[in-house]
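# Results of the structural survey
So you can see what is in the structure, the chains are spelled out below.
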Number of protein chains: 2
Amino acid sequence: MNGAESLVRTLLASGIDTCFANPGTSEMHFVAALDQVPGMKCVLGLQENVVTGMADGYFRIARKPACTLLHCGPGLANGMGNLHNARRARSGIVNIVGDQATFHRPFDAPLTADTAGMAQTVSQWVRTSVQSEHLGRDAAEAIAAAQVFPGQIATLILPADVSWNDGGVVGAPLAVPAAPEVDGNAIENAARTLRSYGPDTLILVGGPAALSEAQGLLWRVAQATGATLMADFVTAQVARGRGRLPLERTPYVMEAALKALERFKHIILVNAKAPVGFFGYPGMPSTQYAPDTQIQVLSRPDQDPVKALRSLVLALNAPEAEIPDPGPRPEVATGSPTPEGLAQTVAALMPDNAIVSDESVSFGRGFYKFTHAAPANDWLHLAGGAIGDGLPVATGAAIGAQKQRRVISLQADGSAMYSLQSLWTQAREQLPCTTIILNNSKYNILIGEYKNVGATPGETAMSMLELGNPSLNWVGLANAMGVEAARASTLEQCGDLMKSSFGKQTPFLIELMV
Amino acid sequence: MNGAESLVRTLLASGIDTCFANPGTSEMHFVAALDQVPGMKCVLGLQENVVTGMADGYFRIARKPACTLLHCGPGLANGMGNLHNARRARSGIVNIVGDQATFHRPFDAPLTADTAGMAQTVSQWVRTSVQSEHLGRDAAEAIAAAQVFPGQIATLILPADVSWNDGGVVGAPLAVPAAPEVDGNAIENAARTLRSYGPDTLILVGGPAALSEAQGLLWRVAQATGATLMADFVTAQVARGRGRLPLERTPYVMEAALKALERFKHIILVNAKAPVGFFGYPGMPSTQYAPDTQIQVLSRPDQDPVKALRSLVLALNAPEAEIPDPGPRPEVATGSPTPEGLAQTVAALMPDNAIVSDESVSFGRGFYKFTHAAPANDWLHLAGGAIGDGLPVATGAAIGAQKQRRVISLQADGSAMYSLQSLWTQAREQLPCTTIILNNSKYNILIGEYKNVGATPGETAMSMLELGNPSLNWVGLANAMGVEAARASTLEQCGDLMKSSFGKQTPFLIELMV
């Protein structure tokens with residue numbers, strides 16, 4: 001058995017059965033092994049940032065890692081933007097990066113690069129496998145590393161000869177270390193704060209604390225103490241809709257965040273970090289809480305929030321409490337597209353258990369308020385701020401859900417252009433993805449930021465901030481990649497197209513002129 | 001004057017007047033300064049690998065660096081594939097990477113990344129500027145570093161507060177260190193080898209040694225000694241066509257390279273590296289020359305080949321020799337597209353002084369043989385092997401030529417998909433770019449490499465190697481980004497479209513079904 005075969009068998013033995021790929025020459029023995037050993041679903045992305053973003057979306061929904069297959073340092077580099085996002089989302093991914101054969105590396109052939117150095121910048125675990133005999137074991141360690149709670153980026157660099165040489169040994173699945181326990185003192189401290197200052201306390205949640213299981217417990221704590229619940233702005237995934245909490249996120253805009261958080265004397269962090277601005281601004285603080293706010297950690301991002309919250313509920317003796325009904329489901333809005341109207345229309349029409357991939361950027365900041373009464377859904381956000389993850393994450397999420405859930409992309413046009421190749425994979429895999437492109441023909445968020453500098457953008461600035469010359473035709477782009485599409489100028493048109501798309505098991509793109 | 005303004009003025013003072021950009025929030029003060037200080041041409045790319053690839057193409061034609069403007073570590077990461085290529089091409093680029101304000105970095109906001117660590121992997125010079133007072137000087141050093149012969153990647157990381165704080169001082173242009181002199185012994189050794197073993201000697205050229213000025217000298221040496229001339233496969237730019245040498249490149253395929261080079265007892269390197277395989281293969285050597293071949297360096301890649309060759313001509317007393325006429329110009333070919341026929345058609349129709357951006361990958365390996373008798377042109381290659389540079393390089397080259405030269409992209413479909421956003425910039429800037437997409441609906445090079453493994457690709461492998469399901473419609477993609485386009489199934493159709501395109505100052509795309 002060569003190294004490559006041992007690698008495929010090790011992946012399958014550990015339950016990794018999906019590979020997002022854009023292979024190259026140095027990976028051909030691995031590709032051949034994927035042919036020979038049945039069981040791996042391989043999904044091609046036409047650029048590596050699509051590949052890594054799909055792996056991120058897959059993890060968020062399947063709650064287990066996929067592997068990626070990338071070609072040498074530059075192939076990894078092409079996918080690093082979305083690995084950065086995935087690392088921030090705490091998604092688990094096993095990257096397999098083919099590389100020069102060990103004996104060939106000293107010759108500095110053109111594709112030779114500092115692959116390990118690149119990998120370090122976006123991975124919690126990096127290893128270059130150097131011997132076929134150890135490849136299986138190395139891979140098993142990578143897989144375990146990727147599953148360290150809640151998820152990590154593990155990058156295994158695979159020199160071509162380690163892949164093709166004989167002597168491969170299948171690596172037995174390794175035990176994943178349990179998440180570190182939450183200390184009893186942390187529970188007791190949080191309980192004490194909540195008992196004394198409940199109404200002045202914000203419980204800020206992130207990571208898995210924003211998912212369904214934690215929410216029931218959070219609600220009991222909030223009901224018992226009068227504390228406010230909020231999700232971190234960059235939470236990767238929030239369980240939303242009927243039966244879930246009407247959580248709001250901390251605002252993106254610094255002034256709004258300061259205002260929203262200023263009244264809290266205490267912030268208890270549940271798998272969230274203390275809230276800070278996305279960027280620093282002149283004369284503004286970095287943190288979003290008041291100077292005298294006390295910060296307290298109930299559970300770190302690498303700890304299990306459900307366990308911590310169960311203990312907290314017990315410590316508080318918080319009674320059962322049912323999450324309240326969010327009121328009537330919104331109706332399809334009409335007229336010119338507005339953020340509120342689009343949010344209502346999505347809430348009105350989305351099927352049960354849908355997945356929303358939200359990279360709506362500036363247009364979508366108010367979507368939450370109008371979608372609390374939607375059916376239960378998982379709402380996915382850009383956690384790392386590197387635009388271009390919305391479409392790949394949607395694509396991977398659809399595969400992670402085994403095509404059994406509708407995926408709705410709420411997608412700004414500027415960031416969609418970063419990884420538009422995702423649409424082709426949606427067509428190839430016939431995924432139930434509905435993409436709504438919010439076509440405003442500009443980097444609107446930046447025009448806002450420019451104005452913060454204290455001026456109106458001039459000709460030179462606008463040459464870098466507007467996208468209308470020439471206009472991008474998203475219907476044309478989608479069709480050219482095999483995805484059906486149509487344009488909508490009103491919300492009723494958009495609603496009709498959504499309804500029609502939700503009835504089909506194939507991808508569809510709506511270009512909404514906003 | 002704030003830091004940003006000092007930076008813009010420093011760039012302009014050193015002759016950097018073109019900025020390829022995809023800015024973000026942390027760069028807004030720099031964008032504002034670009035508005036306030038006239039003189040910088042800003043060109044937007046819709047993804048950073050387009051931005052960096054354009055800067056590479058610009059340098060190759062303008063022979064001076066442009067700057068890029070990138071947003072934080074992840075924005076840099078998105079552009080690293082083509083920075084890898086540019087580094088291999090020895091192009092000079094000044095990257096300006098906006099980043100978190102110095103005071104904000106410790107808060108680990110979402111976009112915070114190991115920007116310097118990323119930059120190190122693709123740059124010869126990296127600095128994080130930490131004080132507005134020093135930004136101008138730092139920038140002047142970056143600009144000088146980028147111009148170190150023949151060119152280097154210099155990355156200046158610009159924290160937002162260093163940009164917005166007052167105290168900026170314009171940096172005076174710094175002297176660029178001269179290229180290290182070629183030692184008299186190197187000249188004498190080369191001359192001795194050529195005198196004794198001329199017909200058994202290969203002179204392998206790379207970098208600027210493949211350009212016009214060096215070629216005249218190379219021809220005199222070859223004529224005087226019987227040596228063979230060849231260009232390195234990964235030479236970034238070769239001066240070709242009438243009045244230039246009918247150079248061939250070392251073959252890509254390992255067996256062919258070994259065969260082509262085996263007869264040479266001596267190889268003299270002129271700004272080239274000793275030839276090695278693009279990849280290592282089982283049972284194959286890494287080097288492409290015979291085991292007993294003697295390697296000798298006339299000039300290193302960082303030395304001036306023209307000076308070295310002038311000295312060599314003197315040492316050999318090599319008489320004047322005119323580069324021979326390449327024979328009649330080919331005629332437009334007809335019928336189904338073949339590599340030879342397409343090459344002939346391009347040679348038959350290309351205007352004088354055209355630029356060819358060749359990322360034809362497997363289809364185009366034989367183009368040279370049929371294009372020696374074309375008009376004089378500059379032929380650009382992928383020097384780093386990271387696919388996706390063809391379209392951005394073409395775009396940047398057109399800007400580097402101030403739209404005064406026709407740019408022809410010979411572009412494989414798989415690699416075109418990596419950076420197709422380039423077409424939008426071509427339309428926005430109204431560039432005289434003619435793109436010929438070689439649509440074979442597969443990663444053909446990889447199917448060949450798979451067969452080298454000793455098997456025929458099965459279903460799983462083909463799911464990662466073929467692009468035909470669904471078919472990409474390149475006419476549709478181009479139109480949707482504002483570029484006129486048409487499909488051709490025969491060479492005469494392709495020829496007609498080329499002729500029509502060459503008559504217009506706007507971009508055009510031909511989708512050639514091969």
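Residues numbered from 1 in each chain as written. Chains lettered and ligands numbered in written order. Predicted model: local features only at pLDDT ≥ 70, side-chain atom pairs only at ≥ 80, totals over all residues. Heavy atoms only, no water.

### Observations regarding the relation of the copies chain A and chain B
- Laying chain A over chain B is done by rotating through 180° and shifting 0.0 Å along the axis; what remains is an RMSD of 0.0 Å. On this basis, the relationship between the two copies can be described by a two-fold rotation axis.
- Both copies contact each other with a shared surface, as 100% of the interface residues of chain A are interface residues in chain B too. (Least-squares fit on C-alpha atoms with pLDDT ≥ 70 in both. Contact = heavy atoms within 4.5 Å.)

### Brief notes about the sheet that holds strand β5 (residues 125-128) of chain A
Residue and element names in this part refer to chain A.
- Taking strand neighbours across the sheet as the criterion, the 6 strands line up as β2-β1-β3-β4-β6-β5 in an open arrangement whose pairing is parallel. In this open sheet, the two edge strands, each paired with only one partner strand, are β2 (41-44) and β5. If you compare each strand with its neighbour and ignore which way they point, the axes differ by 20° on average.
- Judged from the 4 bridges that link them, strand β1 (residues 18-21) and β2 form a sheet pairing that is parallel. Directly across from C19, in β2, lies its bridge partner C42.
- Relative to the sheet, helix α7 (residues 132-146) contacts β4 (93-99), β5 and β6 (153-159), its axis offset from that of β6 by approximately 160°. (Pairing = 2+ DSSP bridges. Helix = DSSP H or I, 4+ residues; strand = E, 2+ residues; numbered from the N terminus. Axes fitted to C-alpha atoms, helices over the stretch in contact; angles between N-to-C directions.)

### Quick look at the side chain of Q411(A)
Residues and elements named next belong to chain A.
- Tracing the backbone shows Q411 in strand β14 (residues 407-412).
- Of note is the side chain of Q411, whose polar atom sits 3.2 Å from the side chain of S415.
- In contact with Q411, other than residues within four places in its own chain, are E359, G390, L391, A416, T435, I436, I437 and L438. (Polar contact = N/O pair within 3.5 Å; in protein donor to acceptor, adjacent residues only side chain to side chain.)

### Considering the packing of aromatic side chains
Residue and element names in this part refer to chain A.
- According to the stated counting rule, one finds 16 aromatic pairs over all chains in the structure shown.
- On the numbers, 6.2 Å between centres and 85° between planes, the contact of F233 with F278 is edge-to-face. Taken together, the positions of F233 in the loop between β8 (228-231) and β9 (237-240) and F278 in the loop between β10 (266-270) and β11 (294-299) put the pair 45 residues apart, joining distant regions of the chain.
- A relative accessible area of 10% means that F278 is categorised as buried.
- Through pairs of rings, three or more aromatic residues link up here, namely F233, Y252, F278 and F279.
- The ring of W379 has R240 sitting right over it, with the charged end atom 4.8 Å from the ring centre. (Phe/Tyr/Trp six-rings, centres within 6.5 Å; stacked < 30°, edge-to-face > 60°. Buried < 20%, exposed > 50% of the residue type's maximum accessible area, 1.4 Å probe, protein only. Lys NZ or Arg CZ within 6 Å of the ring centre and 35° of its normal.)

### Notes on the UniProt feature "domain: Thiamine pyrophosphate enzyme N-terminal TPP-binding" (unreviewed entry) in chain A
- UniProt annotation of "domain: Thiamine pyrophosphate enzyme N-terminal TPP-binding" (unreviewed entry) refers to residues 1-104 of chain A when read in the numbering used here.
- Taken end to end, residues 1-104 of chain A comprises 50% helix and 20% strand; its first and last C-alpha atoms sit 23 Å apart. (UniProt positions renumbered as here; feature names shortened; annotations may be inferred.)

### Comments concerning the sheet that holds strand β3 (residues 66-71) of chain B
All names here are of chain B.
- One open sheet accounts for 6 strands, arranged β2-β1-β3-β4-β6-β5; its pairing is parallel. Looking at which strands have only one partner, the edges of the open sheet turn out to be β2 (41-44) and β5 (125-128). Adjacent strand axes in the sheet meet at a mean angle of 20°, parallel and antiparallel pairs treated alike.
- Alignment of β3 against strand β4 (residues 93-99), held across 6 bridges, turns out to be parallel. Opposite T68, over in β4, you have N95 as the bridge partner.

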